[in-house]
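Read off the chains here:
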Amino acid sequence: MLSWEHTPDLLPMRGCRAWIEINLTALAHNVQQFKTRLSPQTDLMAVVKADAYGHGAVTVAQTALQAGATWLGVATVPEGIELRQAGIAAPILVMGAVNHPEEVRAIALWQLQPTLVTPKQALVFAETLATAAPTVPLPVHLKLDTGMARLGFDWQRAGEFISLVRRLPQLDPVSLYSHLATADSPEPAVMRLQQQRFEQAIADLRAQGLCPPRLHLANSAGTLAAPDLHYDLVRVGIGLYGFYPAPHLRAAVDLQPVMEVKARVTHLNAIAAGTGVSYGHQFIAPQPLNLAVVGVGYADGVPRILSNRMAVLVRGQRLPQVGAITMDQMMIDVTSLPDLQVGEPVTLLGQSGPDQISAEDWAALSGTISWEILCGFKHRLPRITVETAVRLSTTDPAAGLRK
Ligand SMILES: *Cc1c(COP(=O)(O)O)cnc(C)c1O
């Protein structure tokens, strides 16, 4: 991934048309906010799958570990290898399904820790590792389905699954986990049912002396919803990037968005009343307007469905986007800024003056969730790390404790 070790001020010289700023101070702040919610016995796993939700996995992982996370979570084997190749030594859980012997060998080679969800998969691992002759058993994490209907072995048959894994000398079951389907809902019934099932499976396994030593269940929402969901480790993704899984969980911590998306004005156009703008002329100027072309489009990750709906911030002012968003460019109405110059920065997501636009705003406008907005940004946008002081929210009880 392209990454420049320069401050954003130097970017004009680079002629960069669009970029993403990753605020490492905000990231570290968010990690620390989660840490304040956890007991000292509970580890924090930074979930950095999907290139750290579009933020850049290596930089995010390094910063999160420095700030107090002790585990990393990825979805795929190559995502884990990328972190190892960058020299990251922390334990890495691969949360996605791994079935192929080739992947098993890579897991052992790079010292990643897989999720096992079926006896058949456990046997593939054992057979592959037996031929690879590793010296120590591979740490594995056994996942139960307690109500997500995605990855996981039937919680009611946990004993059967785990006793099989325990008989395979190549594997060392180091944790038992499950995943919550509705932890972001203000209605806790399903989440509590999942927890009851998890607890039931744990009790059964303990009675048979089979229970792995560590337990985990919570994502960001579960972590913020209730401390009794924390167990030995929490797997936090969206919260690290500064977004709340749901509005009712806002009071729990003070989170700061880590990503800002910016682009430059590349051209200025004065158009007459009645002029159609962009493909399909979905916008017709109701009066004479000054338009700016901005060098960012849907191929960068701006959802095209935001055409004619979104706004941007320029010099702290909110300006409407007009006409269809195109692959690499979009138009904004800059009539209220007559002295605007080519090259000036435009904030698509982030803070400018007193105003801000967040991934949640885009998610609401486009009928999706902030997770999808964040990981939708393409690698054509360079990620540039910045370290600027985080804004202290006035409602933050811990604000006085920080510099
Ligand atoms: C993605 C993922 C998480 C993190 O979820 P957030 O809602 O982003 O905190 C946790 N656990 C598993 C198994 C996941 O796949």
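On a predicted model such as this, the values are computed, not experimentally measured, just so you know.

*Asks:* Describe the overall build of the protein, naming the residues involved and giving the relevant values.
*Replies:* Helix and strand content of the protein: twelve helices and 20 strands. Overall size of the protein, expressed as C-alpha extent along the three principal axes, is 80 × 45 × 40 Å. By residue count, 54% of the 403 residues in the protein fall in the buried class. Carbon and sulfur atoms provide 56% of the accessible area of the protein, an area that totals close to 17400 Å². For the protein, the distance from the average position of its 31 positive side-chain charges to the average position of its 33 negative side-chain charges is 2 Å.

*Asks:* Could you give an account of the site of the ligand, naming the residues involved and the relevant values?
*Replies:* As a structural note, the neighbourhood of the ligand is formed by 14 residues, with K49, Y53, S220, R235 and I238 the closest of them. R150 is positioned with one of its side-chain polar atoms (N or O) 3.4 Å from an oxygen atom of the ligand. At 2.5 Å, a side-chain N or O of S220 approaches an oxygen atom of the ligand. Only α3 (49-54) and β10 (233-236) provide two or more residues apiece to the shell around the ligand.

*Asks:* Lay out the UniProt feature "modified residue: N6-(pyridoxal phosphate)lysine" (unreviewed entry) in the protein in plain terms, naming residues and giving numbers.
*Replies:* In this structure's numbering, the residues bearing the UniProt feature "modified residue: N6-(pyridoxal phosphate)lysine" (unreviewed entry) are K49. Here K49 lies in helix α3. With relative accessibility at 27%, the residue K49 sits in the partly exposed group. With residues near it in sequence (within four places) discarded, K49 still touches G73, V74, A75, E79 and M95.

*Asks:* Account for the UniProt feature "binding site: substrate" (unreviewed entry) in the protein, naming residues and giving values.
*Replies:* Mapped onto the present numbering, the UniProt feature "binding site: substrate" (unreviewed entry) falls on R150 and M327. Annotated residues spanning 178 residues; largest pairwise C-alpha distance 34.0 Å, indicating distribution over more than one region. Note that R150 resides in the loop between β6 (138-145) and β7 (153-154). Apart from residues lying up to four places away in sequence, R150 is in contact with D145 and H179. Those residues within four positions of M327 in sequence are excluded, and the remaining contacts are G297, Y298, A299, D300 and R380.

*Asks:* Describe the domain arrangement of the protein, and please don't skip the residues or the numbers.
*Replies:* Along its sequence, the protein is organised into domain 1 (23-248) and domain 2 (259-357). Using only C-alpha atoms to locate each centre, domain 1 and domain 2 end up separated by 41 Å.

*Asks:* Give me the lowdown on the pattern of salt bridges, citing residues and values where you can.
*Replies:* In the structure shown here, the tally under the stated rule is 13 salt bridges. Where R157 meets E160, a salt bridge forms, and the shortest distance between an N and an O atom there is 2.7 Å. Residues joined in a network through salt bridges with shared partners are R17, D300, D328 and R380.

*Asks:* How would you explain helix α5 (residues 77-85) if you had to name every residue and give the values?
*Replies:* Along α5, the positions that sit buried rather than exposed are V77, E79, G80, I81, L83 and R84. On its buried face, α5 is in contact with α3, α4 (57-66), β3 (71-74), β4 (92-94) and α6 (101-109). Near the N-terminus of α5, the side chain that reaches the backbone nitrogen of E79, with its oxygen 3.2 Å away, is that of T76.

*Asks:* Provide a residue-level description of the confidence of the model for the protein, including the pertinent values.
*Replies:* For the protein, mean pLDDT is 93; residues scoring 70 or higher make up 92% of the total. Here residues 1-8 is a poorly scored stretch, pLDDT under 50, and it has 18 contacts once near neighbours within four places are set aside; other chains count. Segment residues 394-403 is flagged for pLDDT under 50; beyond a separation of four residues in sequence, or across chains, it makes ten contacts in the model.

*Asks:* Can you lay out unusual backbone geometry for me, pointing to particular residues and giving the numbers?
*Replies:* Even without being glycine, A50 reaches a positive phi, approximately 50 degrees. Unlike most non-glycine residues, N308 shows phi in positive territory, near 65 degrees. Tracing the sequence through the fold places N308 in the loop between β14 (289-294) and β15 (311-314).

*Asks:* Break down helix α2 (residues 24-37) for me, with residues and values.
*Replies:* The end-to-end C-alpha separation of α2 is 20 Å, in line with the 20 Å expected for 14 residues at 1.5 Å each. Listed as buried for α2 are L24, A26, L27, A28, H29, N30, V31, Q33 and F34. Each element contacted by the buried residues of α2 is listed here: β1 (18-23), β2 (43-47), α4, α10 (220-225), β10 and β20 (383-386). Where α2 begins, the capping side chain belongs to N23, and its oxygen is found 2.9 Å from the backbone nitrogen of T25.

*Asks:* Residues and numbers for the nonpolar core, please.
*Replies:* Ranked by size, the top nonpolar core spans 122 residues in total, and within it L83, L171, L348 and W362 carry the most contacts. The dominant element in this core, judged by the number of residues it contributes, is α2, at six residues. Mapping this core onto the domain boundaries places at least three of its residues in each of domain 1 (23-248) and domain 2 (259-357). Apart from the residues within four sequence positions on either side, W362 is in contact with G301, V302, P303, L306, M310, L348, L349, I357, I373 and F377.

*Asks:* If you had to explain the side chain of T63 to someone new, which residues and values would you point to?
*Replies:* Structurally, T63 can be placed in helix α4. Take T63: its relative accessible area is 10%, and that puts it in the buried class. Beyond its immediate stretch of four places on either side in the chain, T63 contacts L24, L27 and A28.

Calculation criteria
- Residues numbered from 1 in each chain as written.
- Predicted model: local features only at pLDDT ≥ 70, side-chain atom pairs only at ≥ 80, totals over all residues.
- Heavy atoms only, no water.
- Helix = DSSP H or I, 4+ residues; strand = E, 2+ residues; numbered from the N terminus.
- Buried < 20%, exposed > 50% of the residue type's maximum accessible area, 1.4 Å probe, protein only.
- Areas by Shrake-Rupley, 256 points an atom, 1.4 Å probe, with all protein chains shown as cover.
- Lys, Arg positive; Asp, Glu negative; His and termini not counted.
- Charge placed at Lys NZ, Arg CZ, Asp CG, Glu CD.
- Near = heavy atom within 4 Å.
- Polar contact = N/O pair within 3.5 Å; in protein donor to acceptor, adjacent residues only side chain to side chain.
- UniProt positions renumbered as here; feature names shortened; annotations may be inferred.
- Contact = heavy atoms within 4.5 Å.
- Domains from an automatic or database assignment.
- Salt bridge = Lys/Arg side-chain N within 4 Å of Asp/Glu carboxyl O.
- pLDDT = per-residue confidence, 0-100.
- Expected span 1.5 Å × (residues − 1).
- Core = buried A, V, L, I, M, F, W, Y, C linked by side-chain atoms within 4.5 Å.

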